[in-house]
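# Results of the structural survey
This is what each chain is made of:
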Amino acid sequence: MVVVLVGFMGAGKTTVGHIMAERLGLPFVDSDVLIEQRQGREIREIFRTEGEPYFRQLEHETVVGLVRGSDAVIALGGGAVEDPRSRAVLRNARVVYLRVGYDEALARVKSDEFRPMLRRPDLDEVYKRRVLVYEDLSVLTIDTDGRRPDAVALEVLAQLTRLHERPPVNRVAASLATEDTDGCLRELDRLAPRIGLAEVRLDLMRTFDISKLVANSPVPLILTCRPEREHGGFKGHDSERMRILRSAHDHGCAYIDVEAELLDLVAGWGGGSPTQVIASQHWFDRMPPDLLGMYRDLRDRCAVVKLVGTARSVADVLPVLELLRDASTPVIGMAMGGPGTCTRILAPTFRQAVLSYGAATSAAAPAPGQITVDEMTDRYALHLVTPATKVYVHVTRPDDALSAQQQAEPGAELHVPLRAENPAALRARLSETLPFTIV
């Protein structure tokens with residue numbers, strides 16, 4: 001467990017963090033103290049001699065190491081969330097916001113000469129700006145005004161326990177490309193009992209009203225607008241396409257899906273919107289062998305990395321499965337084409353997999369190898385599948401998978417067929433790749 005405490009100075013992150021760490025039997029790490037230890041000098045000295053940008057770079061590198069490191073309770077400096085790269089990393093962490101009022105914060109720290117921030121004339125504006133980011137990043141918000149640190153720590157621990165007791169999230173996502181907004185909303189209403197979220201392909205719609213879609217959808221939405229060069233339907237200039245995606249972002253959809261090459265254009269989109277960015281890359285003619293390396297290049301620049309290649313043989317699915325297995329942050333990985341169907345079925349069994357796409361109907365499948373939402377839920381019960389599900393990949397006798405799945409308890413077992421010309425060789429490779437039972 002990695003728990004990250006954020007909040008304005010004076011929120012009590014260090015004191016509360018120590019109490020929580022002791023209760024959990026975990027180490028406590030204060031990012032500011034760690035930076036001072038590594039640099040051999042105080043933060044105020046770093047600010048004075050090197051300037052704030054230099055310190056923020058040190059802070060970002062420290063945040064990345066801590067969030068991706070060993071289990072711990074971590075207290076971050078109040079400004080760590082202002083770096084967009086750090087925010088991307090923190091979106092994949094268990095972040096708790098300790099909320100303190102501005103006046104109470106100043107009362108708690110006004111005599112602390114080691115806080116360079118106290119000398120800023122715009123401190124009240126800094127507070128207002130950061131509060132929006134704390135609220136956006138956190139899975140829990142706990143008020144600290146007028147409360148003892150031990151009471152705050154106990155509430156955080158109790159709330160975290162309740163978070164763990166929540167039912168698993170349905171990671172079946174419908175991919176939709178309807179004529180217009182009303183048709184899309186009707187389809188979403190029909191599919192809502194089976195799916196956890198939906199991707200809407202704005203580039204394939206004749207007309208759309210983003211505000212109406214976001215406000216009336218029964219499930220969280222991923223909005224995307226693919227250009228023709230990415231096998232999409234949008235024929236205009238990229239500047240117009242980005243305006244469409246900016247509108248989707250500002251209207252507060254769950255995610256916008258943007259090509260990785262355009263990530264720099266969306267890096268400054270903030271404004272308190274809850275929308276997160278999926279950075280995607282597609283290969284329509286091949287499967288790159290090093291998806292994991294490409295993922296690592298992108299993971300700190302967005303909330304979710306999406307990598308999709310084309311499988312022309314069963315061997316081509318292995319890079320996707322390795323990506324899903326080894327990703328340390330939220331990821332979407334799939335293989336298009338008939339041999340790649342298994343990646344869509346197996347995806348929800350991996351801890352960091354955000355979703356698996358299904359077509360609304362068999363006639364509407366926008367990607368080769370995609371199965372329908374009905375198949376995903378009725379045949380494989382993927383809406384109930386989690387990383388705790390026991391998985392059997394049927395290689396020797398793939399036809400047995402369907403009958404075994406029909407007899408299995410939904411969500412408890414998943415039986416996946418995988419056909420190959422040389423089953424023995426495939427079994428050997430899969431045994432090295434997958435943490436599943438290969439039969």
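Figured I'd write up the structure that's included with this text.

What counts, and where the lines are drawn
- Sequence order as written defines the numbering, with residues in each chain counted from 1.
- Per-residue local features of the predicted model are confined to residues with pLDDT of at least 70, and side-chain atom pairs are confined, for both listing and counting, to 80 or more; whole-chain, interface and lining totals are unaffected and use all residues.
- Note that water and hydrogens are dropped before the side-chain values are worked out from all heavy atoms of the structure.
- Each pair of strands is called paired provided DSSP finds at least two bridges between the two strands.
- Put simply, DSSP H or I for four residues or longer makes a helix, DSSP E for two residues or longer makes a strand, and each gets a number counted from the N terminus.
- Residues are treated as being in contact if the distance between any of their heavy atoms lies within 4.5 Å.
- Here an angle of 0 to 180 degrees is reported between the N-to-C directions of two axes, which are lines fitted to C-alpha atoms, with helices fitted over the stretch in contact.
- Any Phe, Tyr or Trp ring, taking Trp's six-membered ring, that has another such ring centre within 6.5 Å forms a pair; planes under 30 degrees apart are called stacked, those over 60 apart edge-to-face, and the others tilted.
- We call a set of buried Ala, Val, Leu, Ile, Met, Phe, Trp, Tyr and Cys residues a nonpolar core when their side-chain atoms join them within 4.5 Å.
- Note on classification: 1.4 Å probe, protein chains only; a residue is buried when its accessible area is under 20% of the maximum for its type, exposed when over 50%, partly exposed between these limits.
- Pairs of N or O atoms within 3.5 Å make up the polar contacts considered here, provided that, within protein, one atom can donate a hydrogen while the other can accept it, and that residues adjacent in sequence are counted only when both atoms are side-chain atoms.

Think of a sheet as strands paired side by side through backbone hydrogen bonds, with each pair either parallel or antiparallel. Read across the sheet, three strands follow the order E15-E14-E16 without closing on themselves; strand pairing throughout is parallel. Each end of this open sheet is capped by a strand with a single partner; those strands are strand E15 (413–417) and strand E16 (437–438). Pairing between strand E14 (residues 390–394) and E15: five bridges, direction parallel. Bridging across to E15, Val 391 finds its partner in Leu 414. In this fold helix H17 (residues 400–407) packs onto E14 and E15, with an angle of close to 165 degrees to the strand it touches most, E15.

For the rest of this paragraph, the subject is the packing of aromatic side chains. Remark: the centre distance and the inter-plane angle together describe each pair of aromatic rings, the angle taken between the planes. This structure, assessed with the given rule, holds five aromatic pairs. Considering the side-chain rings of Tyr 102 and Tyr 127, the 5.3 Å spacing of their centres and the 55 degrees angle between planes classify their relative orientation as tilted. Of this pair, Tyr 102 sits in helix H6 (residues 102–109) while Tyr 127 is found in helix H7 (residues 123–137), placing the two residues 25 residues apart along the sequence. Put simply, the rings of Phe 8, Tyr 102 and Tyr 127 touch in pairs and so form one group of aromatic residues.

Take the nonpolar core next. Leu 202, Leu 346, Val 393, Leu 414 and Leu 430 are the most contacted members of the largest nonpolar core, which totals 77 residues. A per-element tally of this core places helix H14 (residues 318–326) first, with five residues.

Looking only at H14, the buried set comprises Leu 318, Pro 319, Val 320, Leu 321, Leu 323 and Leu 324. In this structure, the buried residues of H14 make contact with helix H13 (291–298), strand E11 (304–310), strand E12 (331–336), helix H15 (341–346) and helix H18 (423–433).

Position of Arg 246 relative to the elements: it lies in helix H11 (residues 238–250). Residue class for Arg 246 comes out partly exposed when judged on its relative accessible area of 32%. Here the alpha-carbon distance between Arg 246 and Val 33, two residues 213 residues apart in the chain, equals 39 Å.

With respect to the helices, strands and loops of the structure, Arg 301 is situated in the loop between H13 and E11. Separated by 219 residues in sequence, Arg 301 and Glu 82 have C-alpha atoms that sit 14 Å apart. Apart from residues no more than four positions distant in its own chain, Arg 301 is found in contact with Ala 88, Leu 263 and Asp 264. Side chain to side chain, Arg 301 and Asp 264 meet in a polar contact 3.0 Å long.

The strand order across the open sheet built from five strands is E2-E3-E1-E4-E5, with neighbouring strands paired in parallel fashion. The sheet terminates laterally at strand E2 (28–30) and strand E5 (140–143), the two strands that pair on one side only. Sheet twist, expressed as the average angle between the axes of neighbouring strands with direction ignored, equals 20 degrees. Bridging between strand E4 (residues 94–99) and E5 involves four bridges; their strand directions are parallel. Bridge pairing in E5 links Leu 98 to Ile 142.

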